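# Coordinates in review
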Amino acid sequence: MTTANDLQLNDRGQLRHFLSVEGLPQALLESIMDTAESFASVTEQTVKKVPLLRGKTIVNLFFETSTRTRTTFELAAKRLSADVLNVNIATSATTKGESLLDTIRNIEAMHVDMFVVRHAQSGAPHFIAHHVAPHISVINAGDGRHAHPTQAMLDVFTIRKHKGDFTQLKVAIVGDILHSRVARSEIHALRILGTREIRVVGPRTLLPAGIESLGVKAYYDLDSGLEGVDVIIMLRLQRERMNGAFIPSEHEYYARFGLTGKRLAQAKEDAIVMHPGPINRGVEIDSKVADGSRSVILQQVTHGIAIRMAVMSMAMRHDSGEKMA
Amino acid sequence: MTTANDLQLNDRGQLRHFLSVEGLPQALLESIMDTAESFASVTEQTVKKVPLLRGKTIVNLFFETSTRTRTTFELAAKRLSADVLNVNIATSATTKGESLLDTIRNIEAMHVDMFVVRHAQSGAPHFIAHHVAPHISVINAGDGRHAHPTQAMLDVFTIRKHKGDFTQLKVAIVGDILHSRVARSEIHALRILGTREIRVVGPRTLLPAGIESLGVKAYYDLDSGLEGVDVIIMLRLQRERMNGAFIPSEHEYYARFGLTGKRLAQAKEDAIVMHPGPINRGVEIDSKVADGSRSVILQQVTHGIAIRMAVMSMAMRHDSGEKMA
Amino acid sequence: MTTANDLQLNDRGQLRHFLSVEGLPQALLESIMDTAESFASVTEQTVKKVPLLRGKTIVNLFFETSTRTRTTFELAAKRLSADVLNVNIATSATTKGESLLDTIRNIEAMHVDMFVVRHAQSGAPHFIAHHVAPHISVINAGDGRHAHPTQAMLDVFTIRKHKGDFTQLKVAIVGDILHSRVARSEIHALRILGTREIRVVGPRTLLPAGIESLGVKAYYDLDSGLEGVDVIIMLRLQRERMNGAFIPSEHEYYARFGLTGKRLAQAKEDAIVMHPGPINRGVEIDSKVADGSRSVILQQVTHGIAIRMAVMSMAMRHDSGEKMA
């Protein structure tokens, strides 16, 4: 069986698809961040476009609605001067009974260059990457509970900008780890980058059994989980969990795991607070913390554009990564 | 409290946001029309684009659906060479419980340059302008019953092209003044430009009490309201008013306030007929008049592109307005 | 009464609108294919764009949803460097009671250059072409049961690439001829190009009475219909026909008219298999045939971009056709 990396990297170790952070070499993650760094200035100067992908066609294939993620990919593509097609799969040919593979084959036949895929099924982007023509790159924009690799990359990029050396850092990821593709991808990225200590914090119902096998420490109590950490990553609590079997009530969840100023005091004095958004104020995080001086939540959004520009341009050029030998 | 103009103009009196016509200096309105004049030729030549806003990102934030208005803003932006993002708020993060301000903060963090906002709530664009980062401009594309300033500007631009000097003109605005943001903005624009006489004409149920305080004359009879006017601006009668408490019936409304050829004869011989569209043929206007030689309704649409190009480029450059001292 | 060609061609016989293949001169069809040939390489090189329609605005006016067809037109327009506006008519002003003609007049007033029209009513693009301003071109992207001329052109383009001389060819069109605008347009195109023999194959309920008057032979049996043909064009069986009065059952339809490897053996050894997509695997065609070596179905999709680029650029320039005298 092919592994994700047989698919993700070409024979010189360069990025070809971006499906999952898992198993990628540290040097490649650093190369993505270095490339993003070079684009970060692009988003701040007057004319924001670079002509790297001029004439290329990027297709946003979103089987799950996500205005925010779709928008960041669309912006990143346009700033690389690519043409962007948004294909809303809910209203497309699949509703006429066409299979996923036939849909892919058809759009591929239009000589497009990249698919940005969001899908409720874990593994869908991997499946597509396995079947597309050799010149097409696939970027995973979130698949089921599996992975959200560009989110993880923008998170570690944000951490690197504030904290530098990962080998000195303690990072806590707080909330619904069980259902979170974001948490899974973050854990892999942090591990690859040599993070000193990764903690996951949440109620027992929302921490997967055996999570320690990923190289993290599990905490069921917020205060001890946050003690002495450099970085706090809060996860979004999906509405559908709030009144279900997973947590007793939104109110109690906030009381136990909501990040307030008092709780934040457990972390290091210069700890940063992160969240993938959109935030539920008063559910997983207090507004004062979300809008406070330690919050870097909006910086994450900005970095999301630069990271997506980096991944798109690297995957499309097939020649920007480090040689991995 | 900040007034709209504290927000709309920078300290040199230049346009920064465009939220309302109310209280703007006459010279600025004339500057907008002069700039539009320079773009009007752009829409008629072969290659229609100018590179003024190349590399800029304009976001159409439409909380109310309006294909027509959204399309004119999108076209105007593209003809200025900007990148355009259409964000359909009905399907976006606000449905996940995110607040308006969080939505704005997030899109803003993607380093966009302008929000074009349409919202059912009066004051929403003002609220957004109050909170956005300093480099971002906000254009009101219609808010509740409050204002629709680009519509008013394209209307006075159309009048100026046909009639020149406003101080000699009698203008009648006919229809549902009560619910019309278009009428409110038109009255302000016409007043600022020194229009000799502004009349509002409609049934008592659709003229706001105390409307005379805006400097207009109220008429409850169409024939006397149109007598001797140079310009007739018909308003659209919203379907939801037609069988409600406001008018007895569509048929009776047309009999009393519909613009027919016979009624048009009350106005000056060279009077022009305007309408913001979409028109209800046989409700507020007879087809023969709408399509007749005095109608400038389609010219209004054309001018709408030029006016929006003018407002967008002036707000974005912050340096095109007259110095107001 | 004006005929389609009075509308479609200018007085020098050049393409002005593209509404129907019917009645067009053979030289014009060949000119479209030659132009497409010149663009075909464009879709294979690295930077795919040509600046032919830079600064032009093309409006996709889709009254019927079709992601696939809309996408190919959008891609073709972008590769010609045009600006593209997608107007979803279901949510536009027509829902406010505006007439089709008012909608057209309004978008036209925005100084656009081309309408690509899809409509459930036969004749709608013809109606629009009859009423638009002189500088605007109309392309029919499928109207009712009437015509789908760009589909027919990409089909004959695909045939020409594989088979060359039409006067030597036997072509079979198989399936629901009765409801198919694709079949009607294909028959016209094949006839104009001098195809030796055109067969239509299907159950009596799905072949129109008097179809022979179009110059085709009717077959009610698949094996005899395919005997010795060079080209097989399978039509999509619409879901709504499957359990209706037209065919007894999906299963029986496949048994009698589904293209299997065994059936394909009736055709010439080097026969090609075509389908406009999306395909219903196991209904009108066996997966092995659809994905087999004789299938050119995905090539049709690729050629669709080149044909649409050709038609758009020719209609817009009004000077690329042959002089017809």
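Just so it is clear, the structure is predicted and the values come from calculations on it, not from any experiment.

Criteria and cut-off values
- Residues numbered from 1 in each chain as written.
- Chains lettered and ligands numbered in written order.
- Predicted model: local features only at pLDDT ≥ 70, side-chain atom pairs only at ≥ 80, totals over all residues.
- Helix = DSSP H or I, 4+ residues; strand = E, 2+ residues; numbered from the N terminus.
- Rg over C-alpha atoms; globule rule 2.2 N^0.38 Å.
- Buried ≥ 20, exposed ≤ 12 C-beta atoms within 10 Å, placed from the backbone.
- Contact = placed C-beta atoms within 7 Å.
- Axes fitted to C-alpha atoms, helices over the stretch in contact; angles between N-to-C directions.
- Parallel < 35°, antiparallel > 145°, perpendicular 65-115°, else oblique.
- Left-handed = near helix turned anticlockwise from the far one by under 90°.
- Pairing = 2+ DSSP bridges.
- Core = buried A, V, L, I, M, F, W, Y, C linked by C-beta atoms within 7 Å.
- Right-handed = clockwise from strand over helix to strand, strands pointing away.
- Domains from an automatic or database assignment.
- pLDDT = per-residue confidence, 0-100.
- Expected span 1.5 Å × (residues − 1).
- Nonpolar A, V, L, I, M, F, W, Y, C, P; charged D, E, K, R; others polar.

## Quick word on the overall build of chain A
What chain A contains, in helices and strands, is 13 helices and nine strands. Taken over C-alpha atoms, the radius of gyration comes to 19 Å for chain A, in line with the 20 Å a tight globule of 325 residues would show. Counting every position in chain A, which comprises 325 residues, the buried fraction comes to 56%. In chain A, the share of contacts with a sequence separation of at least 24, taken over all contacts with a separation of at least 6, comes to 75%.

## A closer look at the packing of helix α2 (residues 26-40) of chain B against helix α13 (residues 297-317) of chain B
The axes of two packed helices give the description: the angle between them and the distance between them. Residues and elements named next belong to chain B. Contact geometry for α2 and α13: axes closest at 8 Å, N-to-C directions at 120°. The pairing of α2 with α13 is recorded here as oblique in orientation. You can see that α2 and α13 cross each other, and the crossing is right-handed. Contacts from Ile32, Thr35, Ala36, Phe39 and Ala40 of α2 reach α13 at His303, Ala306, Ile307, Met309, Ala310, Val311, Ser313 and Met314.

## Topic: the sheet that holds strand β3 (residues 114-119) of chain B
Residues and elements named next belong to chain B. Spatially, four strands are ordered β2-β1-β3-β4 in an open sheet, and the strand pairing comes out parallel. The open sheet has two free edges, formed respectively by β2 (83-88) and β4 (137-143), since each of these has just one partner strand. Each adjacent strand pair in this sheet contributes to an overall mean axis angle of 15°, direction not counted. Across five bridges, β3 lies against β4 in parallel orientation. If you follow Met114 over to β4, its bridge partner there is Ser137.

## A word on the nonpolar core
Judged by nonpolar contacts, the single largest core of 306 residues is most densely connected at Ile232 of chain A, Ile232 of chain B together with Ile232 of chain C. Other than its neighbours up to four places away in sequence, Ile232 of chain A contacts Ala172, Val174, Leu226, Leu259, Ala267, Ala271, Val273 and Met274 of chain A.

## With respect to the sheet that holds strand β3 (residues 114-119) of chain C
All names here are of chain C. A sheet is described by the order of its strands in space; here four strands give the open sequence β2-β1-β3-β4, paired in parallel fashion. Where the open sheet ends on each side, the last strands, each with one partner, are β2 (83-88) and β4 (137-143). Direction aside, the axes of adjacent strands within the sheet are offset by 15° on average. As paired strands, strand β1 (residues 57-62) and β2 are joined by six bridges and run parallel to one another.

## Overview of the environment of Leu52 of chain C
Residues and elements named next belong to chain C. Inspection of the secondary structure assignment puts Leu52 in the loop between α2 (26-40) and β1. Judged by the 16 C-beta atoms lying within 10 Å of it, Leu52 is partly exposed. Put simply, Leu52 and Asp34 are 18 residues apart on the chain and 16 Å apart in space, counted from C-alpha to C-alpha. Beyond its immediate stretch of four places on either side in the chain, Leu52 contacts Leu80, Ser81 and Ser313.

## A closer look at the pairing of β4 of chain B
Here β4 of chain B lies mainly inside the structure; seven of its seven residues are buried. Between the parallel pair β3 of chain B and β4 of chain B, the chain is carried across by helix α5 (residues 124-131) of chain B, and the sense of this crossover is right-handed.

## Description of the environment of Leu53 of chain B
Mapped onto the secondary structure, Leu53 of chain B falls in the loop between α2 and β1 (57-62). Separated by 30 residues in the primary sequence, Leu53 of chain B and Asp83 of chain B place their C-alpha atoms 8.5 Å from one another.

## With respect to the domain arrangement of chain A
Residue and element names in this part refer to chain A. For chain A, the assigned domains are domain 1 (4-147 + 302-317) and domain 2 (149-296). Taking only C-alpha atoms into account, the centre of domain 1 sits 26 Å from that of domain 2. Listed by partner, the interface residues are 26 residues for domain 1 and 18 residues for domain 2. Breaking the side of domain 1 that touches domain 2 down by element, the ones donating at least two residues are α2 (26-40), β4 (137-143) and α13 (297-317).

## As for the confidence of the model for chain A
All names here are of chain A. Summary statistics for chain A give a mean pLDDT of 90 and a share of 90% for residues scoring 70 or more. Here residues 319-325 is modelled with pLDDT under 50, and outside its nearest four sequence neighbours on either side it reaches 19 contacts, counting other chains as well. Predicted complex metrics record ipTM = 0.87 and pTM = 0.91.

## Quick notes on the environment of Thr72 of chain B
Within the secondary structure, Thr72 of chain B is located in helix α3 (residues 67-79). Judged by the 26 C-beta atoms lying within 10 Å of it, Thr72 of chain B is buried. Separated by 237 residues in sequence, Thr72 of chain B and Met309 of chain B place their C-alpha atoms 9.5 Å apart. If we skip the residues at most four places from it in the chain, Thr72 of chain B touches Gly304, Ile305 and Arg308 of chain B together with Met110 of chain C.

## Examining the pairing of strand β6 (residues 197-201) of chain C
All names here are of chain C. Of all five residues in β6, four are buried, a share of seventy percent or more. When strand β5 (residues 170-174) meets β6, the two strands line up parallel, connected through five bridges. Paired with Ile173 across the strands is Val200, a residue of β6. Both β6 and strand β7 (residues 217-219) contribute to a ladder of three bridges, which runs parallel. Within β7, the residue paired with Val200 across the bridge is Ala218.

## A word on helix α7 (residues 181-192) of chain C
All names here are of chain C. Taking 1.5 Å of rise per residue, 12 residues should cover 16 Å, and α7 covers 17 Å from first to last C-alpha, within 8% of that figure. The complete set of buried residues in α7 reads Arg181, Val182, Ala183, Arg184, Ser185, Glu186, Ile187, His188, Ala189, Leu190 and Ile192. Close packing links the buried residues of α7 with α2, β4, α6 (149-163), β5, β6 and β8 (231-234).

## A closer look at unusual backbone geometry
A cis amide bond, omega -15°, links Gly277 of chain A with the succeeding residue Pro278 of chain A. If you trace the backbone, Pro278 of chain A turns up in the loop between β9 (272-274) and α12 (287-290). Phi is positive for His111 of chain A, which is not a glycine, with a value near 60°. Overall, the presence of 22 C-beta atoms within 10 Å leaves His111 of chain A in the buried class. Located in the positive-phi region is Ser81 of chain B, a residue other than glycine, with phi close to 70°.

## Focus: the packing of helix α6 (residues 149-163) of chain A against α13 of chain A
Residues and elements named next belong to chain A. Between α6 and α13, the least distance of the axes is 8 Å, while the angle of their chain directions is 115°. The two elements α6 and α13 cross, and the hand of that crossing is right-handed. Between α6 and α13, the contacting residues are Thr150, Met153, Leu154, Asp155, Phe157 and Thr158 on the first element and Gln299, Gln300, His303, Gly304, Ile307, Arg308 and Val311 on the second. Residue classes in the contact of α6 with α13 are distributed as five nonpolar, six polar and two charged.

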